[in-house]
Amino acid sequence: MKFKKFLIKVTDSTNNVAIRKIKQGNSKGIVIAENQKKGRGQYGNSWVSYKGNLFLSVFFEINYNFSLN
């Protein structure tokens, strides 16, 4: 699977950038930032961001058909 890379210097959250990219029609990608100001962790936790850490979000479409029967 090949991902389109979105490299960003500073962002509020790589998740927010990923959501915008999906809404623009991108089906898979990886958002990488040098710094993020308001990262979000799981379950609504804040993500403490220090320069030099790895800040990224990966998104892709899942094509899986299943039945509830």
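Procedures and definitions
Residues numbered from 1 in each chain as written. Predicted model: local features only at pLDDT ≥ 70, side-chain atom pairs only at ≥ 80, totals over all residues. Heavy atoms only, no water. Helix = DSSP H or I, 4+ residues; strand = E, 2+ residues; numbered from the N terminus. Areas by Shrake-Rupley, 256 points an atom, 1.4 Å probe, with all protein chains shown as cover. Contact = heavy atoms within 4.5 Å. Salt bridge = Lys/Arg side-chain N within 4 Å of Asp/Glu carboxyl O. Pairing = 2+ DSSP bridges. Axes fitted to C-alpha atoms, helices over the stretch in contact; angles between N-to-C directions.

Q: Run through the overall build of the chain, naming residues and quoting values.
A: Regarding its fold elements, the chain presents one helix and five strands. Of the regular secondary structure in the chain, the N- to C-terminal order runs β-α-β-β-β-β. With the principal axes as the frame, the chain shows a C-alpha extent of 50 × 25 × 20 Å. Of the roughly 5,800 Å² of accessible surface on the chain, 53% is carried by carbon and sulfur atoms.

Q: Describe in detail the environment of Ser46, supporting the description with residues and values.
A: Within the fold, Ser46 resides in strand 4 (residues 46-47). As a C-alpha pair, Ser46 and Val58 span 12 residues in sequence and 18 Å in three-dimensional space. With residues near it in sequence (within four places) discarded, Ser46 still touches Gly39 and Gly41.

Q: An account of the environment of Thr14 is requested, with residue identities and associated values reported.
A: Its place among the elements puts Thr14 in helix 1 (residues 14-23). Once residues within four sequence positions are removed from consideration, Thr14 is found in contact with Val31, Ala33, Gln36, Phe55, Leu56 and Ser57.

Q: Residue-level account of the pattern of salt bridges, with values.
A: According to the stated counting rule, one finds one salt bridge in the structure shown. With a shortest N-O distance of 3.3 Å, Lys9 and Glu34 are connected by a salt bridge. Linking Lys9 in strand 1 (residues 4-11) with Glu34 in strand 2 (residues 28-36), this pair joins segments that are 25 residues apart in sequence.

Q: Hey, could you go over the sheet that holds strand 2 for me, with residue numbers and the actual values?
A: Ordered in space as 1-2-5, the three strands form an open sheet in which the pairing is mixed. This sheet does not close on itself; its edge strands, each paired only once, are strand 1 and strand 5 (55-60). Averaged over all pairs of adjacent strands, the angle between their axes in this sheet comes to 15°, without regard to strand direction. The pairing of strand 1 with strand 2 spans seven bridges and is classified as parallel. Across the sheet, residue Thr11 finds its bridge partner in strand 2, namely Gln36. Across the sheet, helix 1 is in contact with strand 1, strand 2 and strand 5; its angle to strand 5 comes to roughly 30°.

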